[in-house]
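Spelled out, the chains give:
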Amino acid sequence: MADAVWTIARLLTWTTDFFREHDIENPRLDAEVLLSAVLGKDRMYLYVHFDEPLEPAELAQFRVSVKERAARMPLAYVLGRREFMGLDFRVTRDTLIPRPDTEVLVQCAVDFLRARAENGADDLRIADVGTGTGAIALSALHYTEGTCADAVDISPAAAAVARENAEALGLLERIEIQVGDLLTPLAGRSYDMILSNPPYIPSADIAGLMPEVRSYEPHLALDGGTDGLDIYRRLTAEAPALLKAGGGIAVEVGIGEVHDVAALMEAHPRIVRTETLKDLGGIERVVMGYTE
């Protein structure tokens, strides 16, 4: 990229070819997204300014981003941002990248909390266990009125990112973010709803994940033990005791895990029924259990 004049059109063509050589799944799209970020413009800007040359500083910044993405660093980590539920979240390599599948879990929470409020419940409070970026809890707060949350992560660095996102979204006064192991920091409290997207990939499957996940995302947020169910066993044994009457627990699950997780929930005497929800791909993605 050191010779001649690097216009937007030339950069996009070169970068697309470069990404394709490095087996990037969406080479043109990623090239456009990275260049848009460097220029501080939307992607449409690129198409009406094809002949515009980059400034040396812009070109240098773009070169760094292209190198990182070609090394299979996830686009969200290169950018340091990820959109989720229509909101903008900061992400780092200390946090799992929020994914569209998890929006099903959040929408489940929003619908449940709104219905609970309509039925006269007040002082609604949720817990988000393994919060990471805070995307689940913060999205639920953003789309409901008056709800407050406790969010827990075992990683101090992840908790710090969640606090930063809470502040950026203007939700810091409605959430308490703590560092600790699962439900331990929440002892003695009660909740209308407990949410979690825990590690659920079987340990032996980690090595076979795509490089973007295997080499960059925190294994602590991925590895669910031998059968992927380690954290679910603990959650389903401990969480129902913290639920208010008529409360619920909802968790995201991996492919093929829905029936096992539902059975774990149903084994607890406080859970009177369960239901499952599918993601946009038709995969059963969320299990929810209800108390009386």
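Attention here is on the structure that accompanies the text. Not measured: the values here are computed from a predicted model. (Residues numbered from 1 in each chain as written. Predicted model: local features only at pLDDT ≥ 70, side-chain atom pairs only at ≥ 80, totals over all residues. Heavy atoms only, no water.)

## Considering the overall build of the chain
Working step 1: Summing up its helical and strand segments, the chain has 11 helices and 9 strands in all.
Working step 2: In terms of overall dimensions, the chain is globule-like: its C-alpha atoms have a radius of gyration of 21 Å, near the 19 Å expected for 292 residues.
Working step 3: For the chain, the spread of C-alpha atoms along the principal axes amounts to about 70 × 40 × 35 Å.
Working step 4: Each of the 292 residues in the chain was classed as buried or not, and the buried ones make up 51%.
Working step 5: Partitioning the intrachain contacts of the chain with sequence separation of at least 6 by distance along the chain shows that 65% fall at a separation of at least 24. (Helix = DSSP H or I, 4+ residues; strand = E, 2+ residues; numbered from the N terminus. Rg over C-alpha atoms; globule rule 2.2 N^0.38 Å. Buried < 20%, exposed > 50% of the residue type's maximum accessible area, 1.4 Å probe, protein only. Contact = heavy atoms within 4.5 Å.)

## Some details on a nonpolar patch on the surface
Working step 1: A grouping of Met44, Tyr47, Val48 and Phe50 is seen on the molecular surface, where their side chains present a nonpolar patch of about 400 Å² in accessible area.
Working step 2: Examined against the element boundaries, Val48 turns out to sit in helix 3 (residues 43-48).
Working step 3: In this structure Val48 comes out as exposed when scored by relative accessible area, which is 55%. (Patch = residues over 30% accessible without salt bridge, like charges linked within 9 Å, V, L, I, M, F, W, Y side chains within 5 Å. Areas by Shrake-Rupley, 256 points an atom, 1.4 Å probe, with all protein chains shown as cover. Salt bridge = Lys/Arg side-chain N within 4 Å of Asp/Glu carboxyl O.)

## Some words on the layout of surface pockets
Working step 1: Volume-wise, the largest pocket comes out at about 1000 Å³.
Working step 2: Forming the boundary of the largest pocket are 50 residues, of which Leu96, Asn197, Pro198, Pro199 and Ala221 lie nearest the centre.
Working step 3: For the lining of the largest pocket, the secondary-structure elements that each account for two or more residues are strand 3 (125-129), helix 7 (135-142), strand 4 (148-153) and helix 10 (230-238).
Working step 4: Of the residues contributing to the lining of the largest pocket, the split by class is 25 nonpolar, 12 polar and 13 charged.
Working step 5: Taken as a whole, the second largest pocket encloses approximately 530 Å³ of empty space. (1 Å grid on protein atoms, 1.4 Å probe; cavity = no way out; pocket = protein on both sides within 12 Å on 5 of 7 lines; lining within 4 Å. Points joined across faces, edges and corners; volume = space filled by probe spheres on them. Nonpolar A, V, L, I, M, F, W, Y, C, P; charged D, E, K, R; others polar.)

## Brief notes about the sheet that holds strand 5 (residues 175-179)
Working step 1: The 7 strands lie next to each other as 5-4-3-6-7-9-8, forming an open sheet whose pairing is mixed. Two strands in the sheet have a free side with no partner beyond their single neighbour: strand 5 and strand 8 (271-278). Taken pair by pair, the neighbouring strands of this sheet meet at an average axis angle of 15°, ignoring direction.
Working step 2: As paired strands, strand 7 (residues 243-252) and strand 9 (residues 284-291) are joined by 5 bridges and run antiparallel to one another. (Pairing = 2+ DSSP bridges. Axes fitted to C-alpha atoms, helices over the stretch in contact; angles between N-to-C directions.)

## What to know about the side chain of Ser196
Working step 1: Tracing the backbone through its elements, the reader meets Ser196 in strand 6 (residues 191-196).
Working step 2: At 2.8 Å, the side chain of Ser196 forms a polar contact with the backbone oxygen of Val129.
Working step 3: Excluding residues within four positions of it along the chain, Ser196 makes contact with Leu105, Asp128, Val129, Leu235, Ala250, Val251 and Glu252. (Polar contact = N/O pair within 3.5 Å; in protein donor to acceptor, adjacent residues only side chain to side chain.)

## Re the pairing of strand 6
Working step 1: For strand 6, the tally of buried residues reaches 6 of 6 residues, placing the bulk of the element in the interior.
Working step 2: Where strand 3 and strand 6 come together, 4 bridges link them in parallel fashion. Across the sheet, the residue bridging to Val129 is Ser196, located in strand 6.
Working step 3: Taken together, the 5 bridges between strand 6 and strand 7 define a ladder with parallel strand orientation. The residue bridging Leu195 from the neighbouring strand is Ala250, located in strand 7.

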